[in-house]
Structures are given as C-alpha cells and as structure tokens.
Amino acid sequence: MKTRVCCLHSAKDIRVETRDVAPPQAGEVRVALGAGGVCGSDLHYYQHGGFGVVRVREPIILGHEAAGFVAEIGAGVTGLKVGDMVALNPSTNCGKCEYCVQGLEMHCTDMIFNGSAMRMPHVQGFYRDQMTVDARQCVPVTGDVAVSEAACSEPLAVCMHAVSLAGDLKGKRVLVTGAGPIGVLCVALAKEAGAAEIVVTDLQKVPLDVASEMGATKVVNVIDDADTMQAYARGKGYFDVAFECTGVASALVSALGALRPRGVIVQVGMAGDTAVPLGILVAKEITHRGTFRFHSEFQDAVDAISTRRIDVRPMITAQMPVENAEEAFELAGDRTRAVKVHLVFNT
Ligand code: ZN
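Quick caveat: nothing in here was measured; it's all calculated off a predicted structure.

## Comments concerning the overall build of the chain
Thinking step 1. Tallying secondary structure elements over the chain gives 11 helices and 20 strands in all.
Thinking step 2. Computed over C-alpha atoms, the radius of gyration of the chain comes to 20 Å, within 12% of the 20 Å expected from 2.2 N^0.38 for 347 residues, which places it in the range of a compact globule.
Thinking step 3. With the C-alpha coordinates of the chain rotated into their principal frame, the extents come out at 65 × 40 × 40 Å.
Thinking step 4. Counting the 347 residues in the chain, one finds 53% classified as buried.

See below:
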C-alpha cells in the first residue's frame, strides 16, 4: 500500500510525497498515524537544515512525537490488537553497549531515533499516514483521550526524566525558564510533585498563558517586567530548583541569580555552546545538571496521559492537516502564536 509522507529535502523545502508501506513482518505492526507534534529539533531541520554538526544530508521524513491506531499486526505480536490507540516510542537502544547494560539507555552508543539526521542514512520519522514499526515501539493508550494527547507522550517522557533528576520537589520553590512545550510540561509535573510555588518566565504572552493553565502559580514576562526577577535575586536568591528550558544565556544567568545557595538547576534546553557564568555557580554552590532523552519514562508518560493525571490539552495550540505542513512549521516557529503544533494524518 501507499502512504503520504511529510519529507524535508533541505531547509524550507518540505514536501508531501507518496511512499510504499511495507506489510508488517514478524514482530511488527502497521500503524495508522493520527497526530504528530512539531518539536524544536524538527523546526531546526526545517528552518536551518539541521543544528550544530547535525545536518540534513538526504531527504528525511521528520517527526518523533506521534500516536495513532494499530491497523495490521505481524506474526508473533502479543498485547496489541487492531484499533488500539498507541503512542510511538521513537527511541530504540541497542541493549548491548556498556551504557545499555548499566541501565543508562539514553546514553546508548548505537541509538536509533526516528526522525533524526544524526545517523547516515538518516532514521526516517513518523510524519505519515501509515508506517510499519517494531511492535515494541507501540505503547497502548488505555484511557479515553484524543490521539493528539497521546502524541505528547514523547515530550512528557523527556520532562519526566528531567524532573527525576531534580530531587524531591514537594514544598519546594520552583522556577521554570521558558514556557515552550518542555517548560509547560515541567510545570505540570512540578505541580503534580507538590511544589509550593512554580514561577515561569518567558518573553511571550501565549506560552505564559498556557503555563498558567498547566499549573504555574505566577508567570513573568521578562520583557515587560524585569523587576520581578531582580527581586527574586535579592539576598542570595529565592528558588530551590530551576528547570532551564531555553538554552539561552540570558535565561541561564537569570535562573542562577534567582536560585538559593545549594540550589539545583536542571538544564533541559540546549542551544549550542551557551556560556555558563561560573562565578555565580561556584559562589552559591549550585548543582547544574544536564538531562537528555528518557527511557522507562516513556511508559510512565503514556500512563499519565491515559489517565489525564497530566492534562496536556492546554499546550496543543494548533492541529493542522499534513498537506498544510509548511504553514504548520511556520506557525510552530512563531512563539507569539503557538506552543505545540500538531500535524494531523489520515485526514
Ligand atoms: Zn546501547
């Protein structure tokens, strides 16, 4: 059978094309996709043809945040039936390298990640109506939720891993810098974990409104209101924990200033070689901790979305048919109007 795909040829050259779909072999299923989120990395591929040393060197079907319905089952697959809603886990670790063996699967030295141009040939992604995948990538969505909600499992898994590295948040004062999809999901998780206060900074109103809906106790537009962050920096700071979700130097400086001595900053955002002000980090004995991808958290994220223990609906600000992919990417890149944009398939 044939499927439509959304394929990037080079920066700003995204095309809806037709490809063959292989019938599912043993251990595989064919999934009819319903929704696929546009992530920051998809945007970098679209806007700049890559990020850092990772460049689009051949046509690549983007997309690694997706969900759909089981359409056909190959031999030997158990636990799935036709019609089941499933979230697709884009990461397949090798299971054999030294990191996989240690239970540090996100550091697998041979990771295969759908919709990524890191490897050559590129690993093709989820932006398509139909796709045959390894059945182990399909995690059933058990609750009565929309397929677009299920498609938020991957970014939620990223944030669950980040929060797991922050220590206990109960009763803590939490700062989140950047109210994009990752920032607002960190807000929802901090609220669930019992944080006493969750303050969110951004430059735009639309993302800050979403942050409020997802559990922020206060939002600060740092363009209109520089005084508030300066107040938090008085003395030796105010917050116990910060989730830095921008990768931008000014946000990092502001987070370090607003953290109390011995505070923890979890670095979720990345944007190349951002400078780190070591003076303040050292003088306040701050722990600056990176976080990367996820592993077991993918199942946890699907469960949290299935039960709406984490309600992701406020962050899905637009859903557009795949034939409008170019418009969807332009919208996703406009933070004055969008948080999470989804492409809709099988329309
Ligand atoms: Zn491995």
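## Description of the coordination of the zinc ion
Thinking step 1. Within the first shell, the zinc ion binds the protein through Cys94 (SG), Cys97 (SG), Cys100 (SG) and Cys108 (SG), at distances of 2.3 to 2.4 Å.
Thinking step 2. Coordination at the zinc ion is tetrahedral, judged from the four donor atoms that bind it and the angles of 103 to 117° they form at the metal.
Thinking step 3. Between consecutive donors of the zinc ion, the numbers of intervening residues give the motif C-x2-C-x2-C-x7-C. You can see cysteine 97 sitting in the loop between β9 (91–92) and α2 (98–101) and its partner cysteine 108 sitting in the loop between α2 and β10 (112–113), a full 11 residues away along the chain. The pair cysteine 97 / cysteine 108 is uniform in exposure class, with both members buried.

## Some points on the nonpolar core
Thinking step 1. Counting 60 residues, the largest nonpolar core has Leu156, Val200, Phe243 and Met315 as its most contacted members.
Thinking step 2. When residues of this core are sorted by domain, at least three fall in each of domain 1 (2–155 + 294–344) and domain 2 (166–290).
Thinking step 3. Excluding its chain neighbours within four sequence positions, the residues that come into contact with leucine 156 are Leu185, Leu189, Ala301, Ala304, Ile305 and Ile310.

## Looking at the pattern of salt bridges
Side chains bearing opposite charge may pair, as long as their charged atoms lie close to each other.
Thinking step 1. A full pass over the atoms with the stated rule returns 20 salt bridges.
Thinking step 2. Glutamate 323 is the partner of arginine 4 in a salt bridge, and the nearest nitrogen-oxygen pair spans 3.0 Å. Taken together, the residues span a long stretch of sequence, with arginine 4 in strand β1 (residues 2–10) and glutamate 323 in the loop between β19 (316–321) and α11 (325–332) at a distance of 319 residues.
Thinking step 3. Residue arginine 4 is classed as partly exposed on the basis of its relative accessible area of 24%.
Thinking step 4. Among the ionic pairs, aspartate 311 bridges to arginine 313, the shortest N-O distance being 2.8 Å.
Thinking step 5. When its relative accessible area of 29% is taken as the criterion, aspartate 311 is described as partly exposed.
Thinking step 6. Assessed through its relative accessible area of 42%, arginine 313 is described here as partly exposed.
Thinking step 7. One salt-bridge network, in which partners are shared between bridges, spans Arg4, Asp129 and Glu323.

## Here's the deal with the environment of threonine 287
Thinking step 1. Position of threonine 287 among the secondary structure elements: in strand β18 (residues 287–290).
Thinking step 2. Placed 29 residues apart in sequence, threonine 287 and isoleucine 316 show a C-alpha to C-alpha distance of 32 Å.
Thinking step 3. Excluding its chain neighbours within four sequence positions, the residues that come into contact with threonine 287 are Gly263, Val264 and Ile265.

## Section: a nonpolar patch on the surface
Thinking step 1. On the surface, a nonpolar cluster with roughly 270 Å² of combined accessible area is contributed by Val276, Leu278 and Val282.
Thinking step 2. Checked against the element boundaries, valine 276 lands in the loop between β17 (259–267) and α9 (278–283).
Thinking step 3. Judged by its relative accessible area of 34%, valine 276 is partly exposed.

## Examining the domain arrangement of the chain
Thinking step 1. The domains assigned to the chain are domain 1 (2–155 + 294–344) and domain 2 (166–290).
Thinking step 2. A separation of 28 Å is found between the C-alpha centroids of domain 1 and domain 2.
Thinking step 3. With 14 residues of domain 1 in contact, the opposing surface of domain 2 contributes 16 residues.
Thinking step 4. Counting the surface domain 1 buries against domain 2, the share from its top three residues, Ile310, Arg335 and Val339, is 45%.
Thinking step 5. At the junction of domain 1 with domain 2, the criterion picks out two salt bridges.
Thinking step 6. Between arginine 309 and glutamate 192 there is a salt bridge, with its nearest N and O atoms 2.2 Å apart.
Thinking step 7. Between the two partners, domain 1 and domain 2, sit two residue pairs in polar contact (both at pLDDT 80 or more).
Thinking step 8. Here the residues of the side of domain 1 that touches domain 2 are counted per class, giving seven nonpolar, two polar and five charged.

The rules behind these values
- Residues numbered from 1 in each chain as written.
- Predicted model: local features only at pLDDT ≥ 70, side-chain atom pairs only at ≥ 80, totals over all residues.
- Heavy atoms only, no water.
- Helix = DSSP H or I, 4+ residues; strand = E, 2+ residues; numbered from the N terminus.
- Rg over C-alpha atoms; globule rule 2.2 N^0.38 Å.
- Buried < 20%, exposed > 50% of the residue type's maximum accessible area, 1.4 Å probe, protein only.
- Donors = N, O, S within 2.8 Å, 3.2 Å for Na, K, Ca; no water.
- Tetrahedral: all angles 85-135°; square planar, octahedral: opposite > 155°, others 65-115°.
- Core = buried A, V, L, I, M, F, W, Y, C linked by side-chain atoms within 4.5 Å.
- Domains from an automatic or database assignment.
- Contact = heavy atoms within 4.5 Å.
- Salt bridge = Lys/Arg side-chain N within 4 Å of Asp/Glu carboxyl O.
- Patch = residues over 30% accessible without salt bridge, like charges linked within 9 Å, V, L, I, M, F, W, Y side chains within 5 Å.
- Areas by Shrake-Rupley, 256 points an atom, 1.4 Å probe, with all protein chains shown as cover.
- Buried area = accessible area lost by both parts, 1.4 Å probe.
- Polar contact = N/O pair within 3.5 Å; in protein donor to acceptor, adjacent residues only side chain to side chain.
- Nonpolar A, V, L, I, M, F, W, Y, C, P; charged D, E, K, R; others polar.

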